[in-house]
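If you want the building blocks of each chain, they are given just below.
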Amino acid sequence: MQAENFIAHRGWRQHYPENTLIAFQQAIAAGAVNIELDIQISADGVPFVFHDPNLQRMCGCDGLIWEYRADELLALKASESARLGNKFPDNPMCLLSDIVTLLQAHPKVNAYVEIKEESLSHFDEATVVDAIINVLRPVADRCLLISFELSALIYAQHQGWQRFAAVFDYWPDWQLASLACLNPEVIFCDKHCVPTDADLRALPWPLLVYEVGTLQEAKDWFARGAVAVETFLVGEMLRDFNITAELPAMSLR
């Protein structure tokens, strides 16, 4: 196994507030060359790296992310205190533009950027996708757009975006016309939805499995033919597989 076979799910979430700059910085420092992040949109159309539509879990305040302007969100603290206590009291929210800067500083790192359904529903595909791809253009060659909503990815494809991965929380119909149209580099699939008798090496596209939490579980998925695993414990996983930092990022194709 190499570092390319592991995806840092929301950064090194096990130890740091998810989807914040410190979580991604520490994942990369631990040797990760693939990071995964979620995008929600502020009231004034600014992409933030954030999973939930609600601010309570991460920031301890009421309201939905699109009810706040970017300047108001940047005044909040993303400390994830219910899970991590008072370890990160002043940790800021993360802009998608912060990830661009991070990738520019680490040219071996790829990002899987998830377009969240909640923002797509609140705004519309064009508003959300355009906001995201406009920010990501300086590092477009190292960013794969991912989503459960294939129509949003196809819209991005029509706007000229080149790199994609589809995400499923069920075992997909591999003959979907939208998949053929998109031709993703990899398919993300919830591990609980993979049939026990599925031949993962015979699928039309490589399969990446989430959420994987132990060395043995990862070994089992690799033995079955998964090309990569997504994990909250990327530092531990890389250590357990004896993978050191600064390995080159490679395509999963």
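Because the structure is predicted, anything quoted here is derived from the model rather than measured.

Draft legend 1. Main features of the pairing of strand E5 (residues 110-115). Counting buried residues along E5, six of its six residues qualify, which places the element largely inside the surrounding structure. With burial as the criterion, each face of E5 is covered, one bearing Asn 110, Tyr 112 and Glu 114 and the other bearing Ala 111, Val 113 and Ile 115. As defined by bridge partners, strand E2 (residues 34-41) adjoins E5 across six bridges and the pair is classed as parallel. Bridging from a neighbouring strand, Ile 39 pairs with Ile 115 of E5. For E5 and strand E6 (residues 143-147), the ladder comprises four bridges, and the chain directions are parallel. Bridge pairing in E6 links Tyr 112 to Leu 144.

Draft legend 2. Layout of the pattern of salt bridges. Summed over all chains, the structure comprises 15 salt bridges. A salt bridge links Lys 116 to Asp 38, with the nearest nitrogen and oxygen atoms 3.9 Å apart. With Lys 116 in the loop between E5 and helix H6 (117-122) and Asp 38 in strand E2, the pair connects residues that are 78 residues apart, well separated along the chain. By relative accessible area, which is 7% here, Lys 116 ends up buried. The closest approach of N and O atoms between Asp 71 and Arg 69, which form a salt bridge, is 3.0 Å. Residue class for Asp 71 comes out partly exposed when judged on its relative accessible area of 45%. If you follow the salt bridges from partner to partner, you end up with Arg 10, Arg 13, Glu 18, Asp 38, Asp 52, Arg 57, Glu 80, Arg 83, Glu 114 and Lys 116 in one network.

Draft legend 3. Representation of helix H5 (residues 96-105). Of all the residues in H5, the buried ones are Leu 96, Ile 99, Val 100, Leu 102 and Leu 103. On an axial view of H5, the arc spanned by its buried residues comes to 165 degrees, and they lie on one face. For H5, exposure combined with an orientation more than 90 degrees from the buried face picks out Thr 101 and Ala 105.

Draft legend 4. Just the packing of aromatic side chains, in detail. Scanning the entire structure with this criterion turns up nine aromatic pairs. Aromatic side chains Phe 6 and Phe 222 sit 5.5 Å apart centroid to centroid with 85 degrees between the ring planes, which places their arrangement in the edge-to-face category. Residue Phe 6 is located in strand E1 (residues 6-9), and its partner Phe 222 is located in helix H10 (residues 215-224); the two are separated by 216 residues in the primary sequence. Side by side, Phe 6 and Phe 222 carry an identical accessibility label, which is buried. Between Trp 12 and Tyr 16, the aromatic rings sit 6.0 Å apart at their centres with planes inclined by 55 degrees, giving tilted as the arrangement. For Trp 12, a relative accessible area of 15% puts it in the buried group. Among the aromatic residues, those joined into a ring-pair cluster are Phe 6, Phe 222 and Phe 241. For the cation-ring pair, Arg 13 lies above Phe 232, with the distance from its terminal atom to the ring centre recorded as 4.6 Å.

Draft legend 5. Representation of the side chain of Asp 38 in the model. The class of Asp 38 is buried, set by a relative accessible area of 1%. Setting aside residues no more than four positions away along its own chain, Asp 38 makes contact with Arg 10, Asn 19, Phe 48, Val 49, Phe 50, His 51, Glu 114 and Lys 116.

Draft legend 6. Focus on the confidence of the model for the protein chain. Scored by pLDDT, the protein chain comes out at a mean of 96, with 96% of its residues at no less than 70. Across the protein chain, element-level confidence peaks in strand E3 (residues 47-49) with a mean pLDDT of 99 and bottoms out in helix H9 (residues 177-182) with 96.

Draft legend 7. Representation of the nonpolar core. Ranked by size, the top nonpolar core spans 71 residues in total, and within it Ile 35, Leu 37, Ile 99, Ile 132 and Leu 145 carry the most contacts. Once residues within four sequence positions are removed from consideration, Ile 35 is found in contact with Ile 7, Ala 8, Phe 24, Ile 28, Ile 99, Leu 103, Val 109, Asn 110, Ala 111 and Tyr 112. Phe 50, Met 58, Cys 61 and Met 93 belong to the second largest nonpolar core, which has 14 residues in total.

Draft legend 8. Expanded view of the packing of helix H1 (residues 21-29) against H5. Interaxial distance between H1 and H5 falls to 11 Å at its minimum, and their mutual angle equals 20 degrees. Classed by the angle they form, the pair H1 and H5 counts as roughly parallel. The element H1 and its partner H5 pack so that their crossing is right-handed. Contacts between H1 and H5 involve Leu 21, Phe 24, Gln 25 and Ile 28 from the first element and Asp 98, Ile 99 and Leu 102 from the second. Here the residues of the contact of H1 with H5 sort into five nonpolar, one polar and one charged.

Parameters at a glance
- Residues numbered from 1 in each chain as written.
- Predicted model: local features only at pLDDT ≥ 70, side-chain atom pairs only at ≥ 80, totals over all residues.
- Heavy atoms only, no water.
- Buried < 20%, exposed > 50% of the residue type's maximum accessible area, 1.4 Å probe, protein only.
- Helix = DSSP H or I, 4+ residues; strand = E, 2+ residues; numbered from the N terminus.
- Pairing = 2+ DSSP bridges.
- Salt bridge = Lys/Arg side-chain N within 4 Å of Asp/Glu carboxyl O.
- Arc of directions from axis to C-beta.
- Phe/Tyr/Trp six-rings, centres within 6.5 Å; stacked < 30°, edge-to-face > 60°.
- Lys NZ or Arg CZ within 6 Å of the ring centre and 35° of its normal.
- Contact = heavy atoms within 4.5 Å.
- pLDDT = per-residue confidence, 0-100.
- Core = buried A, V, L, I, M, F, W, Y, C linked by side-chain atoms within 4.5 Å.
- Axes fitted to C-alpha atoms, helices over the stretch in contact; angles between N-to-C directions.
- Parallel < 35°, antiparallel > 145°, perpendicular 65-115°, else oblique.
- Left-handed = near helix turned anticlockwise from the far one by under 90°.
- Nonpolar A, V, L, I, M, F, W, Y, C, P; charged D, E, K, R; others polar.

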